[in-house]
Amino acid sequence: MRENGKWAARLALWDGKFRSLLLDLLIASAAVAMPDDPAVWQQWVLIPGNAALFGAMLLRRRFPLVAVVAASIHSLLAGTDGGATGMVVAMYTLASRRGPSPVTWVGAGIVAGAHVVRVLLPENGSLWSDGPLTVVLGVLAGFALMSAMPLLLGLWLYSRRDLLTSLRERAVQAERERDLLAERAVTAERRRIAREMHDVVAHRVSVISLQAGALTMTATDQRTEEVAEVIRVSSSAALSELREMLRALRDDAENPGGDHAAPTLDGLRDLVADSVAAGADITLDMPEELPETSTVVGRAAYRVLQEALTNAGKHAPGSPVRAEVVASGDGLAVEVTNQRGEGTTVVEGSGYGLIGMRERVTLAGGTLQVGRTDDDGYRVRAAFPVLEGANAS
């Protein structure tokens, strides 16, 4: 690939194509010529003139007007068909490269003038002997062949290329507008979901928090007061997290990299403490110092522990639960194991708890293992690569 790029740079004067260089070499060779019996002055002038015309025709794609001037002068001096061939090719190149610009019209005028002068040269005395009408017809025919036809063909090619470029740009613009409309639709849907969540979920969580606060004030025994306070605190925390999620739904389109408050590894102890205060039998084994992780890994570990404790409370209420956080040199593992419970609570689940955990762990670059233990308990274990996760965005 690098060699191809190097050759394309060297062939920039020929549109980066080797075949274009070969074609221009062939055209330049056909354009240079000498008369059958040149005069002495023609030999001295046309030898360097051929070299100049050869170079001009070889570089006609980059300097088309120079090629037109060189071919016209050579045609006048040589009086051969080779110079006329150079004029036709140079005129076509100028029109196809510059389009209907003043430079193109100047080149057309040069070619037409050179042809008229060439017809009027003394070498064409036989043409004059046939009468003025023959001269006029010869001028018109030469003008059509060497100026008008290559001019029109070049302008047509220029217009076609310009049309294709315009259509391509319109297609790209239409694709960008389609993506923009899709982003706007996603943003509108995010805002609609946020409004629905606020109207339904946030209202009910607020009611729970208020009722728990009222129960705390009117409780007849200390245990009821403590449980009511835990419910109130948990409801307030859930409401706060819900508001953060709603803010994220509203602001992500405007601030995709926004730094919204997210749970981290530092909140694991508080999470377990809240569950214990609510009456759960949970043992936490966790090192004092935790490794530095990315926000993605910290949030995933927190949600895994939160979901595992919730599932244990729903499906095995009252059974002992062991939560363990293990940090090694290159990894972090969160494991929650509970014993078999005597029953289940009446709390209905969404059915997406394990799916959500697996998605979070996978996005953080980790692995999730769930299943029954040998003593008919249940284990959830999530492992994260700390070093890789720390570099995640």
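Keep in mind the model is a prediction, meaning the values are calculated, not measured.

1. Details of the overall build of the protein chain
Logical step 1: From N to C terminus, the protein chain includes 13 helices and five strands.
Logical step 2: Evaluated residue by residue, the protein chain yields a buried proportion of 33% over its 393 residues.
Logical step 3: Put simply, of all contacts in the protein chain between residues at least 6 apart along the chain, 66% involve residues at least 24 apart.
Logical step 4: A total of about 23,800 Å² of accessible surface is found on the protein chain, and carbon and sulfur atoms cover 59% of it.

2. Focus: a nonpolar patch on the surface
Logical step 1: Taken together, the side chains of Phe18, Leu22 and Leu25 make up a nonpolar region of the molecular surface, amounting to roughly 270 Å² of accessible area.
Logical step 2: Position of leucine 25 relative to the elements: it lies in helix 2 (residues 18-31).
Logical step 3: The partly exposed category is assigned to leucine 25, whose relative accessible area is 31%.

3. Some remarks on the pattern of salt bridges
Logical step 1: In this structure the tally under the stated criterion is six salt bridges.
Logical step 2: In this structure, the salt-bridge partner of glutamate 175 is arginine 178, at a minimum N-O distance of 4.0 Å. Within this pair, glutamate 175 and its partner arginine 178 are both found in helix 8 (residues 132-218), separated by three residues, close to a single helical turn.
Logical step 3: Each of Glu335, Arg379 and Arg381 takes part in a single network of salt bridges with overlapping partners.

4. Section: the pairing of strand 5 (residues 378-385)
Logical step 1: Bridge count for strand 3 (residues 331-338) against strand 5 is eight bridges, and the pairing is antiparallel. Bridging from a neighbouring strand, glycine 331 pairs with proline 385 of strand 5.
Logical step 2: Alignment of strand 4 (residues 367-372) against strand 5, held across six bridges, turns out to be antiparallel. Bridged to threonine 367 within strand 5 is alanine 383.
Logical step 3: Taking the residues between adjacent antiparallel strands as the criterion, strand 4 and strand 5 are bridged by five residues, where aspartate 376 takes a positive phi near 65 degrees.

5. Things to note about the environment of glycine 365
Logical step 1: Mapped onto the fold, glycine 365 is located in the loop between helix 12 (353-363) and strand 4.
Logical step 2: Sequence separation of glycine 365 and valine 297 is 68 residues, and the distance between their C-alpha atoms is 8.2 Å.

6. Brief notes about the nonpolar core
Logical step 1: Residues Leu268, Leu305, Leu309, Val336 and Phe384 are the most contacted members of the largest nonpolar core, which totals 30 residues.
Logical step 2: Elements that contribute at least two residues to this core include exactly helix 10 (268-277), helix 11 (295-315), strand 2 (321-327), strand 3, helix 12 and strand 5.
Logical step 3: Counting residues in hydrophobic clusters, the runner-up holds 23 residues, among them Ile27, Leu53, Ala84 and Met87.

7. Observations regarding the confidence of the model for the protein chain
Logical step 1: The share of residues in the protein chain with pLDDT of 70 or more is 75%, and the mean pLDDT across the chain is 76.
Logical step 2: Here residues 344-350 is modelled with pLDDT under 50, and outside its nearest four sequence neighbours on either side it reaches eight contacts, counting other chains as well.

8. What to know about the sheet that holds strand 5
Logical step 1: Spatially, five strands are ordered 1-2-3-5-4 in an open sheet, and the strand pairing comes out mixed. Two strands in the sheet have a free side with no partner beyond their single neighbour: strand 1 (282-285) and strand 4. Within this sheet the neighbouring strands show an average axis-to-axis angle of 10 degrees, counted without direction.
Logical step 2: The pairing of strand 1 with strand 2 spans four bridges and is classified as parallel. Pairing of aspartate 285 across the sheet is with glutamate 324, part of strand 2.

The rules behind the values
Counting of residues starts from 1 at the beginning of each chain's written sequence and follows it residue by residue. For this predicted model, a pLDDT threshold of at least 70 governs which residues receive local features, and a threshold of 80 or more governs which side-chain atom pairs are given and counted, while totals over whole chains, interfaces and linings are taken from all residues. Heavy atoms from the whole structure form the basis of all side-chain values; hydrogens and water molecules are not counted. Helix numbering and strand numbering both begin at the N terminus, where a helix is a DSSP run of H or I of at least 4 residues and a strand a DSSP run of E of at least 2. The cut-offs for exposure are 20% and 50% of the maximum accessible area for each residue type, with area from a 1.4 Å probe on protein chains only; residues under the lower value are buried, those over the upper are exposed, and the others partly exposed. Residues count as neighbours in contact if any of their non-hydrogen atoms are within 4.5 Å of one another. Computed by Shrake-Rupley with a 1.4 Å probe, the accessible areas treat only the displayed protein chains as cover when residues are assessed. Patch building starts from residues that exceed 30% relative accessible area and form no salt bridge, then joins like charges within 9 Å and nonpolar side chains (Val, Leu, Ile, Met, Phe, Trp, Tyr) within 5 Å. Salt bridges are defined by distance alone: a side-chain nitrogen of Lys or Arg within 4 Å of a carboxyl oxygen of Asp or Glu. The pairing criterion is simple: DSSP has to find at least two bridges between the two strands. Nonpolar cores were defined as sets of buried Ala, Val, Leu, Ile, Met, Phe, Trp, Tyr and Cys residues, with membership established by side-chain atoms within 4.5 Å. Confidence scores labelled pLDDT are given residue by residue by the predictor and lie between 0 and 100. To obtain an axis, a line is fitted to C-alpha atoms, over the contacting stretch when the element is a helix, and the angle between two such axes runs from 0 to 180 degrees between their N-to-C directions.

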